[in-house]
Amino acid sequence: MRPFLTALFAALLINAAHAEVRYISDVLYVPLRSGQGTQFRIINKGLRSGTKLTVLEEDPGGEWTRVETERGIQGWIRNQYLLAEPTATLKLRAAQQTASQLQNRTQTLEQQLAQLQQQNQQLAARLDDSEKQGQTLNNELAEIKTISAGAIDLNSRHQTLMEEHQLLQTEIDVLKAENERLGDKSLQTWFIYGAGAVGLGVVIALVVPAVRPRRRYSDWR
């Protein structure tokens with residue numbers, strides 16, 4: 001038998017160099033018996049490795065333990081099949097589940113990060129637009145201030161010109177009144193001169209005949 005096994009093992013080693021590698025599953029099915037020994041009846045022969053059991057009683061000899069399944073089935077099982085911690089398969093499964101959750105969480109965080117980066121870009125663009133609008137408004141405000149300052153100066157100049165115009169208008173009115181007064185005075189003067197001339201003419205007309213020498217008539221005449 002041993003040579004056969006040796007040959008078989010050698011053949012397996014030879015084939016392993018060319019065949020695809022496979023591994024035996026670590027799944028184990030443990031029987032649950034009605035008593036402490038293999039001679040007792042098997043109550044459940046399919047307790048899968050990693051099944052959670054509740055300890056009810058331990059054999060003083062340390063070989064068997066009475067347990068209860070989650071379904072309420074009670075029986076005895078060898079201590080060699082019991083572990084204080086979950087099996088490596090369960091740990092691996094839990095680790096894989098945790099890794100899957102972490103991967104999903106990572107993908108979610110990556111999506112959130114991408115969204116935040118996009119929002120950040122949009123906010124940066126809006127901030128740039130706001131800064132440009134602010135600069136434009138500052139320029140417009142400076143222009144308005146300049147125009148306002150010019151308008152104030154223009155208004156002040158207008159007020160000054162209005163005052164000067166009022167003064168000139170007053171002077172013109174005074175000059176008109178003076179001119180009218182002088183005109184009336186000149187008219188009166190010319191009227192007096194005219195009246196004097198008429199009176200002088202009348203006087204001359206009366207005086208000249210009186211002072212004209214009379215013609216002497218000859219005796220012959």
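Residues numbered from 1 in each chain as written. Predicted model: local features only at pLDDT ≥ 70, side-chain atom pairs only at ≥ 80, totals over all residues. Heavy atoms only, no water.

*Asks:* Which residues make up the overall build of the protein, and what values do they have?
*Replies:* Secondary structure summary: the protein contains two helices and five strands in total. Going from N to C terminus, the protein has its helices and strands arranged as α-β-β-β-β-β-α. Split into buried and exposed, the 221 residues of the protein put 7% on the buried side. (Helix = DSSP H or I, 4+ residues; strand = E, 2+ residues; numbered from the N terminus. Buried < 20%, exposed > 50% of the residue type's maximum accessible area, 1.4 Å probe, protein only.)

*Asks:* Pulling in residues and values, what's your account of the pairing of strand β4 (residues 64–68)?
*Replies:* Both strand β3 (residues 54–58) and β4 contribute to a ladder of four bridges, which runs antiparallel. Within β4, the position partnered with T54 by the bridge is E68. Connecting β3 to the next strand, β4, in antiparallel fashion are five residues, including G62 with a positive phi near 80 degrees. Relative to strand β5 (residues 74–78), β4 is paired through five bridges, and the arrangement is antiparallel. Its bridge partner lying in β5, W64 is registered against R78. Hairpin remark: β4 followed by β5, antiparallel, with five residues in the connecting loop; positive phi at G72, about 90 degrees. (Pairing = 2+ DSSP bridges.)

*Asks:* Lay out the nonpolar core in plain terms, naming residues and giving numbers.
*Replies:* Counting five residues, the largest nonpolar core consists of V30, L32, L47, V67 and I77. Residues within four places of L47 in sequence aside, it is in contact with L28, Y29, V30, L32, T69 and I77. (Core = buried A, V, L, I, M, F, W, Y, C linked by side-chain atoms within 4.5 Å. Contact = heavy atoms within 4.5 Å.)

*Asks:* Lay out the pattern of salt bridges with the relevant residues and their values.
*Replies:* The full count for this structure, using the stated rule, is three salt bridges. One salt bridge connects E63 with R78, and the closest N-O pair in it is separated by 2.6 Å. Of this pair, E63 sits in the loop between β3 and β4 while R78 sits in strand β5; the two residues are 15 residues apart in sequence, bridging distant segments of the chain. Taking relative accessible area as the criterion, R78 reaches 23% and is therefore assigned partly exposed. (Salt bridge = Lys/Arg side-chain N within 4 Å of Asp/Glu carboxyl O.)

*Asks:* Which residues make up a nonpolar patch on the surface, and what values go with them?
*Replies:* Taken together, W190, F191, I192 and Y193 make up a surface patch of nonpolar side chains, about 590 Å² in accessible area. Looking at where I192 falls in the secondary structure, it is placed in helix α2 (residues 88–211). (Patch = residues over 30% accessible without salt bridge, like charges linked within 9 Å, V, L, I, M, F, W, Y side chains within 5 Å. Areas by Shrake-Rupley, 256 points an atom, 1.4 Å probe, with all protein chains shown as cover.)

*Asks:* Now, about the environment of T69: what can you tell me, with residues and values included?
*Replies:* Structurally, the position occupied by T69 is in the loop between β4 and β5. By relative accessible area, which is 11% here, T69 ends up buried. Leave out the neighbours within four places in its chain, and T69 touches L32, L47 and L53.

*Asks:* Give a description of the side chain of T65 that names residues and reports values.
*Replies:* If you trace the backbone, T65 turns up in strand β4. Taking relative accessible area as the criterion, T65 reaches 4% and is therefore assigned buried. Setting aside anything within four residues of it in sequence, one finds T65 in contact with V55, E57, E58, G75, W76, I77, N79 and L82.

*Asks:* So what's going on with the environment of S34? Which residues, and what values?
*Replies:* Looking at where S34 falls in the secondary structure, it is placed in the loop between β1 (29–33) and β2 (42–48). On the accessibility criterion, S34 (34% relative accessible area) is partly exposed.

*Asks:* Residues and numbers for the confidence of the model for the protein, please.
*Replies:* Parts of the prediction with low pLDDT should not have their coordinates interpreted in detail. Model confidence for the protein is summarised by a mean pLDDT of 78, while 76% of its residues fall at 70 or above. For the protein, the element scoring lowest by mean pLDDT is helix α1 (residues 2–16), at 54; β4 scores highest, at 91. (pLDDT = per-residue confidence, 0-100.)

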